[in-house]
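The residues making up each chain are set out below.
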Amino acid sequence: MPAFTSAEYLAILLSLKVAIVATLVSLPFGFGVAYLMTYRQFRGKLALDVAVNLPLTLPPVVIGYLLLLLLGQNGFIGRYLLQPLGIRLIFTWKAAVIATAVVGFPLMVRSIRLGMESVDERLIQAARTLGAGWFDTILTVIIPLSLRGIAAGSALMFARGLGEFGATIVVAGNIPGVTQTIPLAIYEYASSPDGDRMALALCLVSALISVVVLLLHEYFNRRIAGAD
Amino acid sequence: MNRIASALVIAAACLLPIAATAGEIDLFAAASMKEVVNELSDNYAKKHSGIIFKKNYGASGTLAKQIENGAPADIFISANLEWMEYMKSKKLADDRSIATFAYNSLVFAGRPGVKAAGLSDVVRLDRIAIGSPKSVPAGEYAVEAFRKAGIDKQLEKKLVMTKDVRECLLYADRGEVDGAFVYKTDALQVARSARILFSVPQEYYSRVTYPMALTLVGSKKAEAAGFYRFLESADAKGILARHGFSVK
(Lines give C-alpha, C1' and ligand atoms only; values in the text may rest on other atoms or scores of the structure.)
Protein backbone atom coordinates (compact mmCIF):
# COMPACT_ATOMS: atom_id res chain seq x y z
CA MET A 1 0.00 0.00 0.00
CA PRO A 2 1.49 3.33 -1.01
CA ALA A 3 2.20 5.88 1.68
CA PHE A 4 -0.46 8.53 1.98
CA THR A 5 0.68 12.12 2.10
CA SER A 6 -0.99 14.76 4.25
CA ALA A 7 -3.27 15.63 1.30
CA GLU A 8 -4.79 12.14 1.36
CA TYR A 9 -5.26 12.11 5.12
CA LEU A 10 -6.90 15.50 4.91
CA ALA A 11 -9.18 14.18 2.15
CA ILE A 12 -10.29 11.28 4.36
CA LEU A 13 -10.91 13.55 7.36
CA LEU A 14 -12.69 16.08 5.21
CA SER A 15 -15.00 13.45 3.73
CA LEU A 16 -16.02 12.39 7.23
CA LYS A 17 -16.41 15.97 8.39
CA VAL A 18 -18.55 16.99 5.41
CA ALA A 19 -20.79 13.93 5.68
CA ILE A 20 -21.25 14.32 9.44
CA VAL A 21 -21.97 18.06 9.34
CA ALA A 22 -24.34 17.68 6.38
CA THR A 23 -26.24 14.95 8.20
CA LEU A 24 -26.51 16.89 11.47
CA VAL A 25 -27.55 20.10 9.73
CA SER A 26 -30.19 18.31 7.68
CA LEU A 27 -31.65 16.32 10.55
CA PRO A 28 -34.02 18.99 11.94
CA PHE A 29 -35.15 20.01 8.45
CA GLY A 30 -35.53 16.40 7.38
CA PHE A 31 -37.59 15.70 10.47
CA GLY A 32 -39.72 18.78 9.89
CA VAL A 33 -40.47 17.94 6.28
CA ALA A 34 -41.17 14.30 7.10
CA TYR A 35 -43.56 15.43 9.87
CA LEU A 36 -45.41 17.75 7.50
CA MET A 37 -45.66 15.08 4.84
CA THR A 38 -46.92 12.43 7.25
CA TYR A 39 -49.29 14.26 9.58
CA ARG A 40 -50.43 17.43 7.86
CA GLN A 41 -52.69 18.13 4.93
CA PHE A 42 -52.04 21.37 3.10
CA ARG A 43 -52.10 22.93 -0.32
CA GLY A 44 -48.96 22.27 -2.32
CA LYS A 45 -48.15 19.06 -0.52
CA LEU A 46 -47.51 17.30 -3.80
CA ALA A 47 -45.26 20.15 -4.93
CA LEU A 48 -43.24 19.89 -1.73
CA ASP A 49 -43.01 16.13 -2.17
CA VAL A 50 -41.69 16.51 -5.70
CA ALA A 51 -39.25 19.27 -4.71
CA VAL A 52 -37.85 17.24 -1.83
CA ASN A 53 -37.44 14.12 -3.93
CA LEU A 54 -36.09 15.85 -7.02
CA PRO A 55 -32.42 15.52 -6.02
CA LEU A 56 -32.92 11.76 -5.97
CA THR A 57 -33.55 11.64 -9.69
CA LEU A 58 -31.64 14.70 -10.92
CA PRO A 59 -28.03 14.13 -11.90
CA PRO A 60 -25.91 15.46 -8.99
CA VAL A 61 -23.97 17.62 -11.42
CA VAL A 62 -27.22 19.47 -12.23
CA ILE A 63 -27.70 20.20 -8.54
CA GLY A 64 -24.11 21.37 -8.27
CA TYR A 65 -24.50 23.59 -11.27
CA LEU A 66 -27.78 25.11 -10.04
CA LEU A 67 -26.22 25.74 -6.62
CA LEU A 68 -23.24 27.36 -8.29
CA LEU A 69 -25.50 29.62 -10.33
CA LEU A 70 -27.47 30.49 -7.21
CA LEU A 71 -24.66 30.91 -4.66
CA GLY A 72 -21.80 32.01 -6.94
CA GLN A 73 -20.37 35.48 -7.39
CA ASN A 74 -23.00 36.31 -9.99
CA GLY A 75 -25.79 34.21 -8.51
CA PHE A 76 -28.94 35.66 -6.98
CA ILE A 77 -28.24 34.58 -3.40
CA GLY A 78 -24.50 34.94 -3.85
CA ARG A 79 -24.63 38.53 -4.99
CA TYR A 80 -27.48 39.98 -2.96
CA LEU A 81 -27.29 38.03 0.28
CA LEU A 82 -23.89 36.43 0.78
CA GLN A 83 -21.63 39.15 -0.58
CA PRO A 84 -23.09 42.01 1.48
CA LEU A 85 -22.72 39.81 4.55
CA GLY A 86 -19.16 38.96 3.58
CA ILE A 87 -19.89 35.24 3.38
CA ARG A 88 -18.06 33.18 0.85
CA LEU A 89 -19.42 29.71 0.17
CA ILE A 90 -18.27 28.61 -3.26
CA PHE A 91 -14.99 26.68 -3.15
CA THR A 92 -15.07 26.26 0.60
CA TRP A 93 -15.89 23.13 2.59
CA LYS A 94 -19.22 24.71 3.51
CA ALA A 95 -20.25 24.50 -0.13
CA ALA A 96 -19.45 20.79 -0.03
CA VAL A 97 -21.73 20.49 3.01
CA ILE A 98 -24.57 22.27 1.22
CA ALA A 99 -24.19 20.12 -1.89
CA THR A 100 -24.10 16.95 0.19
CA ALA A 101 -27.09 18.03 2.25
CA VAL A 102 -29.22 18.75 -0.81
CA VAL A 103 -28.28 15.51 -2.55
CA GLY A 104 -28.82 13.34 0.53
CA PHE A 105 -31.94 15.10 1.82
CA PRO A 106 -34.55 12.94 0.03
CA LEU A 107 -32.99 9.77 1.41
CA MET A 108 -33.26 11.12 4.93
CA VAL A 109 -36.84 12.36 4.54
CA ARG A 110 -37.97 9.05 3.03
CA SER A 111 -36.55 7.01 5.88
CA ILE A 112 -37.96 9.27 8.58
CA ARG A 113 -41.36 9.21 6.87
CA LEU A 114 -41.34 5.44 6.83
CA GLY A 115 -40.51 5.51 10.51
CA MET A 116 -43.34 7.95 11.27
CA GLU A 117 -45.88 6.06 9.19
CA SER A 118 -45.19 2.97 11.26
CA VAL A 119 -46.16 4.81 14.45
CA ASP A 120 -49.59 3.69 15.63
CA GLU A 121 -51.99 6.56 14.98
CA ARG A 122 -53.97 5.72 18.13
CA LEU A 123 -50.94 6.34 20.35
CA ILE A 124 -50.70 9.87 19.02
CA GLN A 125 -54.43 10.40 19.53
CA ALA A 126 -54.14 9.01 23.03
CA ALA A 127 -51.31 11.42 23.82
CA ARG A 128 -53.42 14.31 22.55
CA THR A 129 -56.52 13.31 24.50
CA LEU A 130 -54.40 12.98 27.62
CA GLY A 131 -53.52 16.62 27.23
CA ALA A 132 -50.16 16.61 25.48
CA GLY A 133 -49.60 19.53 23.10
CA TRP A 134 -48.32 18.86 19.59
CA PHE A 135 -44.74 19.62 20.59
CA ASP A 136 -45.00 17.33 23.59
CA THR A 137 -46.46 14.63 21.37
CA ILE A 138 -43.56 14.90 18.94
CA LEU A 139 -41.02 14.77 21.72
CA THR A 140 -42.49 11.91 23.75
CA VAL A 141 -44.33 9.79 21.19
CA ILE A 142 -43.28 10.42 17.61
CA ILE A 143 -39.52 10.79 18.05
CA PRO A 144 -39.02 7.74 20.29
CA LEU A 145 -41.24 5.56 18.11
CA SER A 146 -39.74 6.64 14.81
CA LEU A 147 -36.16 6.54 16.09
CA ARG A 148 -35.38 3.66 13.82
CA GLY A 149 -36.35 5.64 10.74
CA ILE A 150 -34.39 8.65 11.96
CA ALA A 151 -31.29 6.56 12.55
CA ALA A 152 -31.66 4.78 9.23
CA GLY A 153 -32.16 8.08 7.40
CA SER A 154 -29.12 9.62 9.05
CA ALA A 155 -26.97 6.61 8.23
CA LEU A 156 -28.14 6.61 4.63
CA MET A 157 -27.48 10.28 4.24
CA PHE A 158 -24.08 9.98 5.86
CA ALA A 159 -23.16 7.15 3.51
CA ARG A 160 -24.45 9.07 0.53
CA GLY A 161 -22.47 12.10 1.69
CA LEU A 162 -19.23 10.14 1.78
CA GLY A 163 -19.70 9.32 -1.87
CA GLU A 164 -20.91 12.71 -3.08
CA PHE A 165 -18.96 13.72 -6.14
CA GLY A 166 -20.93 15.38 -8.92
CA ALA A 167 -22.40 18.31 -7.03
CA THR A 168 -19.36 18.76 -4.80
CA ILE A 169 -16.81 19.14 -7.57
CA VAL A 170 -18.89 21.87 -9.17
CA VAL A 171 -19.56 24.04 -6.11
CA ALA A 172 -16.64 23.21 -3.84
CA GLY A 173 -14.01 22.66 -6.50
CA ASN A 174 -11.04 20.46 -5.96
CA ILE A 175 -8.66 22.13 -3.52
CA PRO A 176 -6.29 19.64 -1.87
CA GLY A 177 -6.46 20.00 1.89
CA VAL A 178 -9.47 22.34 1.75
CA THR A 179 -12.32 20.86 -0.29
CA GLN A 180 -10.83 17.71 -1.76
CA THR A 181 -12.86 14.78 -0.42
CA ILE A 182 -12.06 11.10 -1.03
CA PRO A 183 -14.06 10.79 -4.27
CA LEU A 184 -12.43 13.94 -5.65
CA ALA A 185 -8.97 12.68 -4.77
CA ILE A 186 -9.76 9.34 -6.41
CA TYR A 187 -11.01 11.15 -9.50
CA GLU A 188 -7.80 13.14 -9.70
CA TYR A 189 -5.62 10.06 -9.35
CA ALA A 190 -7.78 8.02 -11.71
CA SER A 191 -7.24 10.48 -14.53
CA SER A 192 -3.49 10.51 -14.03
CA PRO A 193 -1.41 7.84 -15.80
CA ASP A 194 0.68 7.02 -12.75
CA GLY A 195 -2.06 7.42 -10.17
CA ASP A 196 -3.55 3.93 -10.17
CA ARG A 197 -1.93 2.73 -6.95
CA MET A 198 -3.04 5.77 -4.98
CA ALA A 199 -6.51 5.67 -6.53
CA LEU A 200 -6.90 2.04 -5.50
CA ALA A 201 -5.58 2.71 -2.00
CA LEU A 202 -8.17 5.45 -1.56
CA CYS A 203 -10.85 3.15 -2.98
CA LEU A 204 -9.93 0.69 -0.25
CA VAL A 205 -10.29 3.37 2.44
CA SER A 206 -13.62 4.34 0.95
CA ALA A 207 -14.83 0.75 0.99
CA LEU A 208 -13.68 0.29 4.60
CA ILE A 209 -15.58 3.35 5.79
CA SER A 210 -18.70 2.23 3.91
CA VAL A 211 -18.57 -1.23 5.45
CA VAL A 212 -18.20 0.26 8.93
CA VAL A 213 -21.17 2.58 8.33
CA LEU A 214 -23.33 -0.28 7.06
CA LEU A 215 -22.38 -2.48 10.01
CA LEU A 216 -23.19 0.32 12.46
CA HIS A 217 -26.47 0.88 10.67
CA GLU A 218 -27.32 -2.79 11.01
CA TYR A 219 -26.25 -2.84 14.67
CA PHE A 220 -28.43 0.13 15.59
CA ASN A 221 -31.31 -1.36 13.65
CA ARG A 222 -31.10 -4.55 15.68
CA ARG A 223 -30.76 -2.72 18.98
CA ILE A 224 -33.75 -0.56 18.25
CA ALA A 225 -35.70 -3.57 17.02
CA GLY A 226 -34.72 -5.37 20.21
CA ALA A 227 -35.90 -2.45 22.32
CA ASP A 228 -39.29 -2.57 20.57
CA MET B 1 -45.94 -10.75 -35.09
CA ASN B 2 -44.03 -10.16 -38.28
CA ARG B 3 -44.01 -6.46 -37.65
CA ILE B 4 -42.64 -6.94 -34.17
CA ALA B 5 -39.93 -9.22 -35.53
CA SER B 6 -38.92 -6.77 -38.21
CA ALA B 7 -38.92 -3.92 -35.71
CA LEU B 8 -36.62 -5.97 -33.49
CA VAL B 9 -34.30 -6.66 -36.40
CA ILE B 10 -34.13 -2.97 -37.21
CA ALA B 11 -33.51 -2.10 -33.57
CA ALA B 12 -30.74 -4.68 -33.36
CA ALA B 13 -29.19 -3.36 -36.55
CA CYS B 14 -29.09 0.11 -34.99
CA LEU B 15 -27.20 -1.27 -32.03
CA LEU B 16 -24.52 -2.89 -34.16
CA PRO B 17 -21.34 -0.89 -34.10
CA ILE B 18 -21.06 1.15 -37.21
CA ALA B 19 -18.50 -0.73 -39.27
CA ALA B 20 -15.30 1.26 -39.03
CA THR B 21 -15.62 3.20 -42.24
CA ALA B 22 -12.49 3.59 -44.28
CA GLY B 23 -12.00 7.29 -43.62
CA GLU B 24 -12.21 7.63 -39.87
CA ILE B 25 -9.44 9.31 -37.89
CA ASP B 26 -9.45 9.38 -34.09
CA LEU B 27 -7.71 12.45 -32.72
CA PHE B 28 -6.68 12.79 -29.08
CA ALA B 29 -5.44 16.30 -28.39
CA ALA B 30 -4.64 18.53 -25.42
CA ALA B 31 -7.63 20.67 -24.37
CA SER B 32 -5.76 23.88 -25.20
CA MET B 33 -5.59 22.74 -28.85
CA LYS B 34 -9.34 22.50 -29.29
CA GLU B 35 -10.04 25.43 -31.63
CA VAL B 36 -6.95 25.08 -33.75
CA VAL B 37 -7.26 21.31 -34.18
CA ASN B 38 -10.94 21.76 -35.04
CA GLU B 39 -9.97 24.20 -37.76
CA LEU B 40 -7.16 21.98 -39.05
CA SER B 41 -9.37 18.93 -39.23
CA ASP B 42 -12.24 20.84 -40.84
CA ASN B 43 -9.86 22.16 -43.48
CA TYR B 44 -8.53 18.69 -44.15
CA ALA B 45 -11.99 17.11 -44.26
CA LYS B 46 -13.09 19.68 -46.84
CA LYS B 47 -10.26 18.71 -49.19
CA HIS B 48 -10.49 14.99 -48.55
CA SER B 49 -14.08 13.90 -48.84
CA GLY B 50 -15.06 10.78 -46.99
CA ILE B 51 -12.81 11.43 -44.03
CA ILE B 52 -14.56 11.70 -40.70
CA PHE B 53 -12.79 12.98 -37.62
CA LYS B 54 -13.58 11.83 -34.12
CA LYS B 55 -12.03 14.21 -31.66
CA ASN B 56 -11.32 13.83 -27.98
CA TYR B 57 -9.96 16.80 -26.07
CA GLY B 58 -8.79 16.71 -22.48
CA ALA B 59 -5.85 16.87 -20.11
CA SER B 60 -2.86 15.27 -21.84
CA GLY B 61 -2.26 12.89 -18.95
CA THR B 62 -5.89 11.82 -18.96
CA LEU B 63 -5.76 11.19 -22.71
CA ALA B 64 -2.54 9.16 -22.35
CA LYS B 65 -4.23 7.05 -19.73
CA GLN B 66 -7.33 6.57 -21.87
CA ILE B 67 -5.17 5.40 -24.78
CA GLU B 68 -3.27 3.08 -22.45
CA ASN B 69 -6.58 1.57 -21.40
CA GLY B 70 -7.58 0.91 -24.96
CA ALA B 71 -9.36 4.04 -26.19
CA PRO B 72 -9.25 4.17 -29.99
CA ALA B 73 -6.73 6.85 -30.96
CA ASP B 74 -4.75 7.36 -34.15
CA ILE B 75 -3.01 10.63 -33.40
CA PHE B 76 -2.03 11.99 -29.98
CA ILE B 77 -1.04 15.59 -29.33
CA SER B 78 0.23 16.26 -25.81
CA ALA B 79 0.84 19.61 -24.14
CA ASN B 80 4.11 18.46 -22.60
CA LEU B 81 6.93 16.04 -23.29
CA GLU B 82 6.26 13.95 -20.18
CA TRP B 83 3.05 12.29 -21.38
CA MET B 84 4.47 11.63 -24.83
CA GLU B 85 7.45 9.97 -23.17
CA TYR B 86 4.98 7.95 -21.15
CA MET B 87 3.22 6.81 -24.33
CA LYS B 88 6.59 5.90 -25.77
CA SER B 89 7.63 3.92 -22.72
CA LYS B 90 4.36 1.99 -22.82
CA LYS B 91 4.92 1.25 -26.51
CA LEU B 92 1.71 3.01 -27.47
CA ALA B 93 3.18 5.69 -29.74
CA ASP B 94 5.04 5.09 -32.97
CA ASP B 95 8.56 6.27 -32.04
CA ARG B 96 9.56 7.39 -35.50
CA SER B 97 6.58 9.69 -35.86
CA ILE B 98 7.12 11.77 -32.70
CA ALA B 99 7.65 15.38 -33.71
CA THR B 100 7.12 18.82 -32.24
CA PHE B 101 3.84 20.32 -33.31
CA ALA B 102 3.84 23.74 -31.63
CA TYR B 103 4.87 25.84 -28.64
CA ASN B 104 2.95 27.98 -26.21
CA SER B 105 3.52 30.08 -23.12
CA LEU B 106 2.01 30.37 -19.66
CA VAL B 107 0.12 33.44 -18.51
CA PHE B 108 -1.90 34.48 -15.49
CA ALA B 109 -5.44 35.48 -16.38
CA GLY B 110 -7.43 37.34 -13.73
CA ARG B 111 -11.09 38.09 -13.31
CA PRO B 112 -12.10 41.72 -13.79
CA GLY B 113 -10.96 43.92 -10.94
CA VAL B 114 -8.04 41.77 -9.84
CA LYS B 115 -4.58 43.28 -9.97
CA ALA B 116 -1.35 41.32 -10.18
CA ALA B 117 1.79 42.23 -12.05
CA GLY B 118 3.94 39.22 -11.30
CA LEU B 119 4.21 35.90 -9.49
CA SER B 120 4.96 37.62 -6.18
CA ASP B 121 1.57 39.38 -6.31
CA VAL B 122 -0.31 36.11 -6.77
CA VAL B 123 0.32 35.05 -3.17
CA ARG B 124 -1.88 37.94 -2.01
CA LEU B 125 -4.89 36.58 -3.89
CA ASP B 126 -7.45 34.22 -2.37
CA ARG B 127 -8.25 31.53 -4.88
CA ILE B 128 -6.20 30.53 -7.88
CA ALA B 129 -7.11 27.85 -10.39
CA ILE B 130 -4.54 25.57 -11.96
CA GLY B 131 -4.92 22.32 -13.85
CA SER B 132 -4.39 19.29 -11.62
CA PRO B 133 -0.62 18.75 -11.98
CA LYS B 134 -1.17 15.01 -11.85
CA SER B 135 -2.58 15.01 -15.37
CA VAL B 136 -2.81 18.57 -16.72
CA PRO B 137 0.44 19.92 -18.21
CA ALA B 138 -0.60 23.57 -17.71
CA GLY B 139 -0.81 22.79 -13.98
CA GLU B 140 2.60 21.13 -14.04
CA TYR B 141 4.19 24.16 -15.67
CA ALA B 142 2.49 26.40 -13.11
CA VAL B 143 3.69 24.33 -10.14
CA GLU B 144 7.19 24.31 -11.62
CA ALA B 145 7.07 28.11 -11.75
CA PHE B 146 5.78 28.31 -8.13
CA ARG B 147 8.69 26.18 -6.95
CA LYS B 148 11.29 28.20 -8.83
CA ALA B 149 9.78 31.43 -7.52
CA GLY B 150 9.65 29.96 -4.00
CA ILE B 151 5.94 30.58 -3.51
CA ASP B 152 4.67 26.99 -3.65
CA LYS B 153 4.16 26.72 0.13
CA GLN B 154 2.25 30.00 0.37
CA LEU B 155 -0.10 28.99 -2.41
CA GLU B 156 -0.72 25.45 -1.22
CA LYS B 157 -4.25 25.88 0.14
CA LYS B 158 -5.37 28.41 -2.42
CA LEU B 159 -5.11 26.22 -5.46
CA VAL B 160 -8.30 24.96 -7.05
CA MET B 161 -7.38 21.92 -9.14
CA THR B 162 -9.24 21.58 -12.42
CA LYS B 163 -9.57 18.64 -14.77
CA ASP B 164 -8.11 20.51 -17.71
CA VAL B 165 -6.76 23.93 -18.57
CA ARG B 166 -10.05 25.13 -20.05
CA GLU B 167 -11.91 24.54 -16.81
CA CYS B 168 -9.32 26.76 -15.09
CA LEU B 169 -10.10 29.56 -17.45
CA LEU B 170 -13.83 29.03 -17.02
CA TYR B 171 -13.50 29.50 -13.25
CA ALA B 172 -11.65 32.79 -13.76
CA ASP B 173 -14.18 33.85 -16.40
CA ARG B 174 -17.09 33.25 -14.04
CA GLY B 175 -15.27 35.13 -11.30
CA GLU B 176 -15.27 32.16 -8.93
CA VAL B 177 -11.50 32.38 -8.58
CA ASP B 178 -9.29 35.45 -8.64
CA GLY B 179 -7.22 34.14 -11.47
CA ALA B 180 -5.97 31.10 -13.32
CA PHE B 181 -2.71 29.92 -14.84
CA VAL B 182 -3.51 29.11 -18.45
CA TYR B 183 -1.83 29.22 -21.84
CA LYS B 184 -1.59 32.48 -23.70
CA THR B 185 -3.71 31.04 -26.52
CA ASP B 186 -6.51 30.06 -24.11
CA ALA B 187 -6.64 33.52 -22.62
CA LEU B 188 -6.58 35.17 -26.05
CA GLN B 189 -9.19 33.14 -27.88
CA VAL B 190 -11.51 31.63 -25.31
CA ALA B 191 -11.68 33.99 -22.33
CA ARG B 192 -14.80 36.11 -22.10
CA SER B 193 -14.20 38.35 -19.10
CA ALA B 194 -10.83 37.20 -17.71
CA ARG B 195 -7.85 39.27 -18.85
CA ILE B 196 -4.16 38.41 -19.10
CA LEU B 197 -2.50 40.17 -16.16
CA PHE B 198 1.07 39.01 -16.81
CA SER B 199 3.10 36.41 -18.63
CA VAL B 200 5.02 34.02 -16.43
CA PRO B 201 8.72 34.70 -17.11
CA GLN B 202 10.15 31.90 -19.23
CA GLU B 203 13.07 31.24 -16.86
CA TYR B 204 10.60 29.90 -14.28
CA TYR B 205 9.27 26.96 -16.31
CA SER B 206 10.26 24.66 -19.14
CA ARG B 207 9.03 25.77 -22.52
CA VAL B 208 5.48 24.64 -23.26
CA THR B 209 6.00 22.14 -26.04
CA TYR B 210 3.36 20.15 -27.91
CA PRO B 211 4.72 16.89 -29.26
CA MET B 212 2.52 14.88 -31.60
CA ALA B 213 2.71 11.27 -32.69
CA LEU B 214 0.87 8.55 -34.50
CA THR B 215 -0.18 5.81 -32.15
CA LEU B 216 0.76 2.24 -33.04
CA VAL B 217 -2.78 1.72 -34.33
CA GLY B 218 -2.71 5.01 -36.23
CA SER B 219 0.63 4.26 -37.89
CA LYS B 220 -1.06 1.40 -39.73
CA LYS B 221 -3.84 3.61 -41.11
CA ALA B 222 -3.13 5.43 -44.36
CA GLU B 223 -5.72 8.16 -43.60
CA ALA B 224 -4.13 8.92 -40.23
CA ALA B 225 -0.68 9.09 -41.77
CA GLY B 226 -2.04 11.43 -44.45
CA PHE B 227 -3.52 13.82 -41.88
CA TYR B 228 -0.33 13.59 -39.85
CA ARG B 229 1.66 14.81 -42.88
CA PHE B 230 -0.79 17.69 -43.22
CA LEU B 231 -0.16 18.61 -39.57
CA GLU B 232 3.54 18.93 -40.41
CA SER B 233 2.89 21.10 -43.47
CA ALA B 234 3.42 24.83 -43.84
CA ASP B 235 -0.37 25.30 -44.19
CA ALA B 236 -0.88 23.81 -40.76
CA LYS B 237 1.87 25.98 -39.28
CA GLY B 238 0.13 29.03 -40.70
CA ILE B 239 -3.12 28.10 -38.99
CA LEU B 240 -1.29 27.41 -35.72
CA ALA B 241 0.41 30.79 -35.87
CA ARG B 242 -2.90 32.49 -36.55
CA HIS B 243 -4.27 30.97 -33.34
CA GLY B 244 -1.34 32.40 -31.39
CA PHE B 245 0.85 29.31 -31.11
CA SER B 246 4.56 29.56 -31.78
CA VAL B 247 5.83 27.14 -34.39
CA LYS B 248 9.55 27.50 -33.84
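What you see as residue numbers is a count from 1 along each chain, following the sequence as written. Written order decides the labels, with chains lettered from A and ligands numbered from 1. Where totals are concerned, whole chains, interfaces and linings use all residues; where local detail is concerned, this predicted model gives features only for residues with pLDDT of at least 70, and gives and counts side-chain atom pairs only at 80 or more.

### As for the overall build of chain B
Part 1: Secondary structure elements follow DSSP: runs of H or I no shorter than four residues count as helices, runs of E no shorter than two count as strands, and numbering proceeds from the N terminus. Scanning chain B from terminus to terminus reveals 11 helices and 10 strands.
Part 2: Its C-alpha atoms give chain B principal-axis dimensions of about 70 × 45 × 35 Å.
Part 3: The buried share of chain B, taken over its 248 residues, is 46%.
Part 4: By the criterion used throughout, residues are in contact when their C-beta atoms, derived from the backbone, lie within 7 Å. Once local pairs closer than 6 in sequence are excluded, the contacts in chain B between residues at least 24 apart make up 76%. Using C-beta atoms placed from the backbone, we call a residue buried if 20 or more other C-beta atoms fall within 10 Å of its own, exposed if 12 or fewer do, and partly exposed for counts in between.

### Brief notes about the packing of helix H3 (residues 60-68) of chain B against helix H4 (residues 81-89) of chain B
Residue and element names in this part refer to chain B.
Part 1: Viewed as axis vectors pointing N to C, H3 and H4 meet at an angle of 10°, and their least axial separation amounts to 9 Å. By the criterion of interaxial angle, the relationship of H3 to H4 is roughly parallel. Across the interface between the two elements, Ser60, Gly61, Ala64 and Ile67 of H3 pack against Trp83, Tyr86 and Met87 of H4.
Part 2: Each residue gets one of three labels, nonpolar for Ala, Val, Leu, Ile, Met, Phe, Trp, Tyr, Cys and Pro, charged for Asp, Glu, Lys and Arg, and polar for the others, Gly among them. Split by residue class, the contact of H3 with H4 holds five nonpolar, two polar and no charged. Axes, fitted as lines to C-alpha atoms, cover a helix only where it is in contact. Angles between the N-to-C directions of the axes lie from 0 to 180 degrees. By definition in this entry, angles of less than 35 degrees are roughly parallel, angles greater than 145 are roughly antiparallel, angles of 65 to 115 are roughly perpendicular, and the rest are oblique.

### Topic: the interface of chain A and chain B
Part 1: Each partner contributes residues to the interface: chain A has 17 residues there, and chain B has 21 residues.
Part 2: Among the residues forming the side of chain A that touches chain B, the class breakdown is seven nonpolar, nine polar and one charged.

### Examining the domain arrangement of chain B
Residue and element names in this part refer to chain B.
Part 1: The split into domains, and so the bounds of each, comes from an automatic or database assignment of domains. For chain B, the assigned domains are domain 1 (16-103 + 210-242) and domain 2 (106-204).
Part 2: Here the C-alpha centroids of domain 1 and domain 2 sit 27 Å apart.
Part 3: Residue-level contacts link 11 residues of domain 1 with 15 residues of domain 2.
Part 4: The element best represented in the side of domain 1 that touches domain 2 is H3, accounting for three residues.
Part 5: Counted by class, the side of domain 1 that touches domain 2 contains four nonpolar, six polar and one charged residues.

### Topic: the pairing of strand E8 (residues 179-183) of chain B
Residue and element names in this part refer to chain B.
Part 1: Among the five residues of E8, five are classified as buried, and the element is accordingly described as predominantly covered.
Part 2: Strand pairing is assigned whenever DSSP detects at least two bridges linking the two strands. Looking at chain direction, strand E6 (residues 128-131) and E8 are connected through two bridges and run parallel. Following the sheet pairing, Ala129 is matched in E8 by Ala180.

### Some details on the sheet that holds strand E1 (residues 24-30) of chain B
All names here are of chain B.
Part 1: The five strands lie next to each other as E2-E1-E3-E10-E4, forming an open sheet whose pairing is mixed. Of all the strands in the sheet, the pair left with one neighbour each is strand E2 (52-58) and strand E4 (99-104). Mean inter-strand twist for the sheet, computed between neighbouring axes without regard to direction, equals 15°.
Part 2: Bridge count for E1 against strand E3 (residues 75-77) is three bridges, and the pairing is parallel. Bridge pairing in E3 links Leu27 to Ile75.
Part 3: Here H4 sits on the sheet in contact with E3 and strand E10 (208-214), set at roughly 25° to E10.
Part 4: The strands touched by helix H10 (residues 222-232) are E1, E3, E4 and E10; relative to E10, the strand with the most contacts, the crossing angle is about 150°.

### Remarks on the sheet that holds strand E5 (residues 106-110) of chain B
Residues and elements named next belong to chain B.
Part 1: In spatial order, the strands read E7-E6-E8-E5-E9; together these five strands make up an open sheet with mixed pairing. Of all the strands in the sheet, just strand E7 (159-162) and strand E9 (195-199) have a single pairing partner and so form its edges. Ignoring strand direction, the axes of neighbouring strands in this sheet form an average angle of 35°.
Part 2: The pairing of E5 with E9 spans four bridges and is classified as antiparallel. The residue of E9 that forms the bridge with Val107 is Ser199.
Part 3: The strands touched by helix H8 (residues 165-174) within the sheet are E5, E6, E7 and E8, with E8 carrying the most contacts at an inclination of about 145°.

### What about the environment of Ser199 of chain B?
Part 1: Here Ser199 of chain B is to be found in strand E9.
Part 2: Apart from the residues within four sequence positions on either side, Ser199 of chain B is in contact with Ser105, Val107 and Lys184 of chain B.

### Notes on the pairing of E6 of chain B
Looking along a regular strand, one sees side chains alternate from face to face of the sheet.
Residues and elements named next belong to chain B.
Part 1: Both faces of E6 are covered, namely the face carrying Ile128 and Ile130 and the face carrying Ala129 and Gly131.
Part 2: Relative to E7, E6 is paired through four bridges, and the arrangement is parallel. Opposite Ala129, over in E7, you have Val160 as the bridge partner.

### Some remarks on the environment of Lys55 of chain B
All names here are of chain B.
Part 1: Inspection of the secondary structure assignment puts Lys55 in strand E2.
Part 2: When the 15 C-beta atoms within 10 Å are taken as the criterion, Lys55 is described as partly exposed.
Part 3: C-alpha separation for the pair Lys55 and Ser219, spaced 164 residues apart in sequence, amounts to 17 Å.
Part 4: Apart from residues lying up to four places away in sequence, Lys55 is in contact with Leu27, Ala29, Val37 and Ser41.

### A word on the environment of Gly177 of chain A
Part 1: When you line up the elements, Gly177 of chain A lands in the loop between helix H9 (166-171) and helix H10 (182-190).
Part 2: Considered as a pair, Gly177 of chain A and Ser6 of chain A are 171 residues apart in the sequence and their alpha carbons are 7.9 Å apart.
Part 3: Not counting residues within four places of it along the chain, the set of residues in contact with Gly177 of chain A comprises Ala7 and Leu10 of chain A together with Glu156 and Lys157 of chain B.

### Comments concerning the packing of helix H2 (residues 34-47) of chain B against helix H11 (residues 234-242) of chain B
Residue and element names in this part refer to chain B.
Part 1: Taken N-terminus to C-terminus, the directions of H2 and H11 make an angle of 145°; their axes are 10 Å apart at the nearest point. The interaxial crossing formed by H2 with H11 has right-handed handedness. Of the residues in H11, those touching H2 at Val36, Glu39 and Leu40 are Ala236, Ile239 and Leu240. Crossing chirality is assigned from the near helix's rotation relative to the far helix, an anticlockwise turn below a right angle marking it left-handed and a clockwise turn marking it right-handed.

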